[in-house]
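# Commentary on secondary and tertiary structure
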Amino acid sequence: DKKNAKSSACSSVCYQVPQKITSTDGRYYIQLGSFVSSPDKAYLSHIRASGYDYRLIRKDKTSKLLLGPFREKSTAYTALPTARKLFNPDAFITE
């Protein structure tokens, strides 16, 4: 039936998972923030849903939220404007 065909076509296009932007290895990251407590789970889910991986690095009493890793520094710089727009306007590149 036409109604079912239309909704199944939309489900394959409308709910597409974003292409993975980060790699499984690399030494470059985009720091999104530093937290005394863990970042909000909804914020972390938003990062994953946008196609990014993140690392939460705990040191002393703070946690750094890092987007990545990226294999090349140039790839991290390419992703930086989007990270600033989607997650934090003060995000920056770190190793």
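## Describing the confidence of the model for the protein chain
Scored by pLDDT, the protein chain comes out at a mean of 81, with 75% of its residues at no less than 70. Within the protein chain, strand 4 (residues 92-94) carries the highest mean pLDDT (96), whereas helix 1 (residues 2-14) carries the lowest (42). Across residues 1-18, confidence stays below pLDDT 50; counting only partners more than four residues off in sequence or on other chains, it has four contacts.

## Brief notes about the pattern of salt bridges
Counting across every chain of the model gives two salt bridges. Between Arg 27 and Glu 95 there is a salt bridge, with its nearest N and O atoms 3.0 Å apart. Of the two residues, Arg 27 is situated in the loop between helix 1 and strand 1 (28-35) and Glu 95 in the segment after strand 4; the sequence distance between them amounts to 68 residues. Given the relative accessible area of 48%, Arg 27 is considered partly exposed. Arg 48 is the partner of Asp 53 in a salt bridge, and the nearest nitrogen-oxygen pair spans 2.8 Å. Relative accessible area serves as the criterion here: at 14%, Asp 53 is assigned to the buried category. For Arg 48, a relative accessible area of 43% translates into the label partly exposed.

## Remarks on the nonpolar core
Ile 30, Leu 32, Ile 47, Tyr 52, Leu 67, Phe 70 and Phe 87 are the most contacted members of the largest nonpolar core, which has 17 residues in total. Listed by contribution, the elements that provide at least two residues to this core are strand 1, helix 2 (41-49), strand 3 (62-70) and helix 3 (73-86). The biggest single contributor to this core is helix 3, with four residues. Apart from the residues lying within four places of it in its own chain, the contact partners of Leu 67 are Tyr 29, Ile 30, Leu 32, Ile 47, Tyr 52, Asp 53, Tyr 54, Ala 83 and Phe 87.

## Comments concerning helix 3
In an α-helix, one full turn covers 3.6 residues, which means residues spaced three or four apart are oriented alike. Taking 1.5 Å as the rise per residue, helix 3 with 14 residues should run 20 Å; its terminal C-alpha atoms sit 20 Å apart, in good agreement. At Leu 80, helix 3 shows its maximal bend, which comes to roughly 35°, and the proline Pro 81 appears one to four places after that position. Among the structural elements, strand 1, strand 3 and strand 4 are those in contact with the buried residues of helix 3.

## Describing helix 2
Capping of helix 2 at its N-terminal end is provided by Asp 40; its side-chain oxygen lies 3.2 Å from the backbone amide nitrogen of Ala 42. Within two residues after helix 2, Gly 51 carries a phi angle of roughly 95°, on the positive side.

What counts as what
Residues numbered from 1 in each chain as written. Predicted model: local features only at pLDDT ≥ 70, side-chain atom pairs only at ≥ 80, totals over all residues. Heavy atoms only, no water. pLDDT = per-residue confidence, 0-100. Helix = DSSP H or I, 4+ residues; strand = E, 2+ residues; numbered from the N terminus. Contact = heavy atoms within 4.5 Å. Salt bridge = Lys/Arg side-chain N within 4 Å of Asp/Glu carboxyl O. Buried < 20%, exposed > 50% of the residue type's maximum accessible area, 1.4 Å probe, protein only. Core = buried A, V, L, I, M, F, W, Y, C linked by side-chain atoms within 4.5 Å. Expected span 1.5 Å × (residues − 1). Bend = angle between axes of the 7 residues up to and from the residue. Polar contact = N/O pair within 3.5 Å; in protein donor to acceptor, adjacent residues only side chain to side chain.

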